[in-house]
Amino acid sequence: MRKNIVAGNWKMNNDLAATKTLISELIELKKTSNTEIMIAPTFVNLLEASKLLKETSIKVVSQNMHYAESGAFTGEISAKMLKAVGVNTVILGHSERREYFNEDDLILKEKADKALQESMEVIFCFGEQLDDRNSENHFKVVENQIKNALFHLPSSSWKSVILAYEPVWAIGTGQTASPEQAQEMHAYIRKLVAEHYNTSISEDVSILYGGSVKPENAEEIFGKLDVDGGLIGGAALDAKSFMAIINSF
Ligand code: PGA
């Protein structure tokens, strides 16, 4: 059975003090629900976040990791280092990583392999640029991103994979994909997974939507058949907005 998940990607926001404050607000506002909640603070605040959320069901997630075991990779963080501070889920392939840090399908394939080899869970992000959509290339672009980085995986790995469709033109722009556009792409992705693997895997994989999700539009987007939750940027930085989005299911 696939899960409903709402994950907050804090990006390069919130220092230690702000991290503590936002987490305590989330704990206070959190209601019992079947939706899995995740937050992704910056690397330096993961340990503190893990400690503060230890007794709760809110998962602490990393925004990135390196694919190597260890070694001369100045400024990078390994899977084992994340696990040592209580982080067992990692976001890979966010469009900002692809765009500003040149992460391509090959690097992301290696990162996904490493995370899964370390028994971590992967939130794999992908999505088309506006030009791709305008030229009606969006299905092909998304298909290639997923195929190139994930379709070599054995079936058994898919229980640890979460997909996140994030059209680049909708991230941080206030311009959300319509619920119909999200549903159309999510159904397409689920069909791809079914064709390459089987329907048991495709029906079980959670597919999140990301890109300007707000309390005002979450219910309609999450109401679509193949949308199993969201990856939230801006609106995850405010406890009330984030909780309102979570409570939209
Ligand atoms: P946004 O970001 O909600 O601010 O558009 C989404 C994301 O980058 O994951």
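Anything mentioned here points back to the structure above.
Residues numbered from 1 in each chain as written. Predicted model: local features only at pLDDT ≥ 70, side-chain atom pairs only at ≥ 80, totals over all residues. Heavy atoms only, no water.

This part is about the layout of surface pockets. By volume, the largest pocket is sized at about 430 Å³. Lining the largest pocket are 16 residues, with Lys11, Met12, Gln63, Arg97 and Phe101 sitting closest to its centre. For the lining of the largest pocket, the class distribution of residues is 6 nonpolar, 6 polar and 4 charged. (1 Å grid on protein atoms, 1.4 Å probe; cavity = no way out; pocket = protein on both sides within 12 Å on 5 of 7 lines; lining within 4 Å. Points joined across faces, edges and corners; volume = space filled by probe spheres on them. Nonpolar A, V, L, I, M, F, W, Y, C, P; charged D, E, K, R; others polar.)

Turning our attention to the site of the ligand. Residues in contact with the ligand amount to 13 residues; listed here are only the nearest, Lys11, His94, Glu166, Gly172 and Ser212. Here an oxygen atom of the ligand sits 2.7 Å away from a polar atom, N or O, in the main chain of serine 212. Between the ligand and glycine 233 there is a distance of 2.9 Å, counted from an oxygen atom to a backbone nitrogen or oxygen. Starting from 280 Å² of accessible surface for the ligand in isolation, the protein chains cover 96%. Taken together, the residues that form the shell around the ligand break down as 4 nonpolar, 7 polar and 2 charged. (Near = heavy atom within 4 Å. Polar contact = N/O pair within 3.5 Å; in protein donor to acceptor, adjacent residues only side chain to side chain. Areas by Shrake-Rupley, 256 points an atom, 1.4 Å probe, with all protein chains shown as cover.)

On to the environment of glycine 127, then. With respect to the element layout, glycine 127 can be found in the loop between strand E5 (121-126) and helix H6 (130-134). If near-sequence neighbours (up to four positions away) are discounted, glycine 127 is found in contact with Val141, Val142, Gln145, Tyr165, Glu166, Pro167 and Val168. (Helix = DSSP H or I, 4+ residues; strand = E, 2+ residues; numbered from the N terminus. Contact = heavy atoms within 4.5 Å.)

Moving on, we come to helix H8 (residues 179-196). With 18 residues, H8 extends 26 Å from end C-alpha to end C-alpha; this agrees with the ideal 26 Å at 1.5 Å per step. Buried within H8 we find Pro179, Ala182, Gln183, Met185, His186, Tyr188, Ile189, Arg190, Leu192 and Val193. (Expected span 1.5 Å × (residues − 1). Buried < 20%, exposed > 50% of the residue type's maximum accessible area, 1.4 Å probe, protein only.)

So far we have only geometry, and geometry alone does not tell us how the molecule works.
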